[in-house]
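Coordinate inspection notes
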Amino acid sequence: MKIHCPSCGKEIETLKRFCKYCGYEFSDDDKKQFSDYKWQQWQNENRNSNFEKMLLIKVGIIAVIVIIMCMLLSGLN
Ligand SMILES: [Zn+2]
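Since we're looking at a predicted model, the values are computed, not measured.

Looking now at the overall build of the chain. For the chain, the count of helices and strands is 1 helix and 0 strands. Its C-alpha radius of gyration of 25 Å places the chain more than 25% over the 11 Å reference for a compact globule of 77 residues. If you line up the chain on its principal axes, its C-alpha atoms span 80 × 20 × 15 Å. Counting contacts in the chain only where the partners sit at least 6 residues apart, residues at least 24 apart contribute 15% of the total.

So, in structure tokens, the structure goes:
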């Protein structure tokens, strides 16, 4: 989802008071829509980084279990 100027339809990167392409003055609803989009984007990034952290923790736990198993097995032999 991208924000487009309601007047000229150009994609807006940073929302200022006026569209830099056509000079359209953004309404409060336009600004609200834009901040919602930014917020969703931030949330998605946050979720992805949490997922990566959880994956690293799981891999770490499995590695520790494998090492302990190897030590136990070599101790028995
Ligand atoms: Zn425009």
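In this section: the environment of Thr14. Locating Thr14 in the fold gives a position in the segment before helix H1 (28-76). Classification of Thr14 as exposed rests on a count of 8 C-beta atoms within 10 Å. For the pair Thr14 and Tyr37, spaced 23 residues apart in the sequence, the C-alpha separation amounts to 12 Å.

Its 49 residues give H1 an end-to-end C-alpha distance of 72 Å, which sits within 8% of 72 Å, the value for a rise of 1.5 Å per residue. H1 sits mainly on the outside: 0 of its 49 residues count as buried.

Along the chain, the position of Asn50 falls in helix H1. For Asn50, a count of 10 C-beta atoms within 10 Å puts it in the exposed group. As for Asn50 and Met71, which are separated by 21 residues in sequence, their C-alpha atoms are 32 Å apart.

About the criteria used
Residues numbered from 1 in each chain as written. Predicted model: local features only at pLDDT ≥ 70, side-chain atom pairs only at ≥ 80, totals over all residues. Helix = DSSP H or I, 4+ residues; strand = E, 2+ residues; numbered from the N terminus. Rg over C-alpha atoms; globule rule 2.2 N^0.38 Å. Contact = placed C-beta atoms within 7 Å. Buried ≥ 20, exposed ≤ 12 C-beta atoms within 10 Å, placed from the backbone. Expected span 1.5 Å × (residues − 1).

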